[in-house]
Amino acid sequence: MRLSRDKVNKIAHIVTDALAEATDVEFVEDRNTIRLEARRVLEELLNQEARIDQSARLKIESQKRTILEGSQEWDILYRKYYNEEVKKLGV
């Protein structure tokens, strides 16, 4: 999923605010440092997801015959190849 920089920042703010409100969480760093780290982690996860998506799509495109995106067969293969890529990462 592609998210704009503003949306990733908004999510990072929400995460930081939720952590700040949690009674069992204590910040050792200032809130901005926490927010920046949350944003970095989110961007890393989104980039990883994009690479997995691209890899699954390339596997489908490499089939001998053309499989139309949106077809039931394409959806099944996409889920299969996507899950294989996720397993390779140990997630």
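Below is a summary of the structure that appears in this document. On a predicted model such as this, the values are computed, not experimentally measured, just so you know.

**Structural notes on the packing of helix α1 (residues 5-21) against helix α2 (residues 31-61)**
Direction vectors running N to C along α1 and α2 enclose 130°, while the axes themselves pass 8 Å from each other. The angle between α1 and α2 falls in the class oblique. Once α1 is placed against α2, the crossing between them reads as right-handed. The residues of α2 that touch α1, namely those facing Arg5, Val8, Asn9, Ile11, Ala12, His13, Val15, Thr16, Asp17, Leu19 and Ala20, are Arg31, Ile34, Arg35, Ala38, Arg39, Leu42, Glu43 and Leu46. Looking at the contact of α1 with α2 residue by residue, the class counts come to 10 nonpolar, 3 polar and 6 charged.

**Details of the environment of Asp53**
Within the secondary structure layout, Asp53 lies in helix α2. As a C-alpha pair, Asp53 and Arg79 span 26 residues in sequence and 9.7 Å in three-dimensional space. In this structure Asp53 touches Tyr78 and Tyr82, once residues within four positions along its chain are discounted.

**Observations concerning α1**
Taking 1.5 Å of rise per residue, 17 residues should cover 24 Å, and α1 covers 24 Å from first to last C-alpha, within 8% of that figure. Among the residues of α1, Val8, Asn9, Ala12 and Thr16 are the ones counted as buried. The arc that holds the buried residues of α1, viewed along the axis, is 100°, so those residues lie on one side. In α1, those exposed residues whose orientation departs by more than 90 degrees from the buried face are Asp6, Lys7, Lys10 and Glu21. Buried residues along α1 sit against α2.

Definitions and cut-offs
Residues numbered from 1 in each chain as written. Predicted model: local features only at pLDDT ≥ 70, side-chain atom pairs only at ≥ 80, totals over all residues. Heavy atoms only, no water. Axes fitted to C-alpha atoms, helices over the stretch in contact; angles between N-to-C directions. Helix = DSSP H or I, 4+ residues; strand = E, 2+ residues; numbered from the N terminus. Parallel < 35°, antiparallel > 145°, perpendicular 65-115°, else oblique. Left-handed = near helix turned anticlockwise from the far one by under 90°. Contact = heavy atoms within 4.5 Å. Nonpolar A, V, L, I, M, F, W, Y, C, P; charged D, E, K, R; others polar. Expected span 1.5 Å × (residues − 1). Buried < 20%, exposed > 50% of the residue type's maximum accessible area, 1.4 Å probe, protein only. Arc of directions from axis to C-beta.

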